[in-house]
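Here are the chains, one letter per residue:
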Amino acid sequence: MTRNGGVESPSPRPRIHQTHPHDTPHFHSTVSERKLRRFNCFIFVFRLAAFCFSLSAAVFMIATKSGSPRWYDFSAFRFVVAANGIVALYWLFEMVASAWEISRGSTILPEFYQVWFDFAHDQVFAYLLLSADSTGTEMARQLRGVATCDSFCVQSDIAVALGFAGFLFLMMSSLLSGFRVVCFIIKGSRFHV
């Protein structure tokens, strides 16, 4: 019954049933939608750059000439190739997730899981890449003292430098995913607006 004694008409849309405090729909103005899209585009660009540098580092290390020492002869360089390859595969998945989020406005996984998945994996892979490139740097430095160091040394230096560049973009993306976790903890949403 309504206040004036009439019968309440049924709503054409079903009511929203809240099962969890984080399930409430968020209102976003046009300006905040643009800010969110821009923020997600920044994350996509950092992920794309990290993917390109990590893949380039792995390929550059693998593509040594046949006459010189090979990357698989040194455990440090095997670690560099493996770490950069794993990180490149992870970033390929994350770029797809970012493109999905930009185009659809939602995450692939439920928001709670996606925020923590991104942050945790960004941290783990950042440490993996940093340790691999640090190990590769030390091995490349030791090889410089050998008289037979040729184009392989230059190539290994470039591959390690590309790996460090990938780490820098991974670090920036990790900062943004950490920001999203903090926003999720404070506001119950990965969005800061």
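Refer to the structure presented above.
Within every chain, residues take consecutive numbers counted from 1 along the sequence as written. In keeping with the model being predicted, local features are shown solely for residues with a pLDDT of at least 70 and side-chain atom pairs are shown and tallied solely at 80 or more, while totals for entire chains, interfaces and linings include all residues. The side-chain values count all of the structure's non-hydrogen atoms but skip hydrogen atoms and water molecules.

Q: Which residues make up the pattern of salt bridges, and what are the values?
A: In the sections that follow, a salt bridge refers to a side-chain nitrogen of Lys or Arg positioned within 4 Å of a carboxyl oxygen of Asp or Glu. Under the criterion given, the structure shown has 4 salt bridges. Between glutamate 94 and arginine 47 there is a salt bridge, with the nearest N and O atoms lying 3.0 Å from each other. Linking glutamate 94 in helix α2 (residues 75-104) with arginine 47 in helix α1 (residues 30-62), this pair joins segments that are 47 residues apart in sequence. Between arginine 180 and glutamate 101 there is a salt bridge whose closest N-O contact spans 2.7 Å. Here arginine 180 is found in helix α4 (residues 151-187), whereas its partner glutamate 101 is found in helix α2, with 79 residues between them in sequence. Accessibility classification places arginine 180 together with glutamate 101 in one group, the buried group. By definition, any uninterrupted DSSP run of H or I lasting at least four residues is a helix, any uninterrupted run of E lasting at least two residues is a strand, and each is numbered from the N terminus. Relative accessibility under 20% of the residue-type maximum defines a buried residue, over 50% an exposed one, and the middle range a partly exposed one, all with a 1.4 Å probe and only protein chains included.

Q: Could you give an account of the packing of helix α3 (residues 111-144) against α4, naming the residues involved and the relevant values?
A: Here an axis means a line fitted to C-alpha atoms, over the contact stretch when the element is a helix, while the angle between two N-to-C directions is reported on a 0 to 180 degree scale. Relative to each other, α3 and α4 sit at 155°, their axes nearing to 8 Å. One finds that α3 runs roughly antiparallel with respect to α4. The chirality of how α3 crosses α4 is left-handed. Each residue gets one label: Ala, Val, Leu, Ile, Met, Phe, Trp, Tyr, Cys and Pro are nonpolar, Asp, Glu, Lys and Arg are charged, and the others, such as Gly, are polar. Within the contact of α3 with α4, the residues separate by chemical class into 20 nonpolar, 11 polar and 7 charged. The labels follow the angle: roughly parallel below 35 degrees, roughly antiparallel above 145, roughly perpendicular from 65 to 115, and oblique for the rest. Left-handed describes a crossing in which the near helix is turned anticlockwise from the far one by less than a right angle; the clockwise case is right-handed.

Q: Account for the packing of aromatic side chains, with residues named and values stated.
A: For Phe, Tyr and Trp, where Trp contributes only its six-membered ring, two rings pair if their centres lie within 6.5 Å, and the inter-plane angle classes them as stacked under 30 degrees, edge-to-face over 60, or tilted in between. Applying the stated criterion to the full structure yields 13 aromatic pairs. For the ring pair tryptophan 71 and tyrosine 72, a centre distance of 5.6 Å and an interplane angle of 80° mean the geometry is edge-to-face. You can call tryptophan 71 buried: its relative accessible area is 17%. On the accessibility criterion, tyrosine 72 (43% relative accessible area) is partly exposed. Between phenylalanine 77 and phenylalanine 152 the ring centres are 5.6 Å apart and the planes differ by 75°, which places this aromatic pair in the edge-to-face class. Residue phenylalanine 77 is found in helix α2, and its partner phenylalanine 152 is found in helix α4; the two are separated by 75 residues along the sequence. Judged on exposure class, the residue phenylalanine 77 and its partner phenylalanine 152 are both buried. An aromatic cluster is defined as three or more aromatic residues linked by ring pairs; in this entry it consists of Phe46, Phe53 and Phe169. Charge-over-ring placement is defined geometrically: NZ (Lys) or CZ (Arg) within 6 Å of the ring centre, and within 35 degrees of the ring normal. Here the guanidinium or amino end of arginine 104 rests over the ring plane of tryptophan 100, the centre of that ring lying 4.2 Å away.

Q: I'd like a rundown of α4, residues and numbers included.
A: The terminal C-alpha atoms of α4 lie 54 Å apart, and with 37 residues this matches the ideal 54 Å at 1.5 Å per residue to within 8%. Taken from the residues just after α4, glycine 188 is the one with a positive phi, measuring 85°. To estimate the expected span of a helix, count its residues, drop one, and scale the result by 1.5 Å.

Q: Tell me about the nonpolar core, and name the residues and values.
A: Residues enter a nonpolar core if they are buried and are Ala, Val, Leu, Ile, Met, Phe, Trp, Tyr or Cys, with the set joined through side-chain atoms within 4.5 Å. If you look at the biggest cluster of nonpolar residues, it comprises 13 residues, and the most contacted ones within it are Met61, Trp71, Phe74, Phe77, Met139, Leu143 and Phe152. Elements supplying a minimum of two residues to this core: α2, α3 and α4. Element by element, the count of residues in this core is highest for α2, at 4 residues. If near-sequence neighbours (up to four positions away) are discounted, methionine 61 is found in contact with Trp71, Phe77, Val80, Val81, Ser156 and Ala159. Core analysis: the second largest hydrophobic core is formed by 12 residues, Ala50, Val87, Trp91 and Ala126 among them. The contact criterion used throughout is that any non-hydrogen atoms of two residues lie within 4.5 Å.

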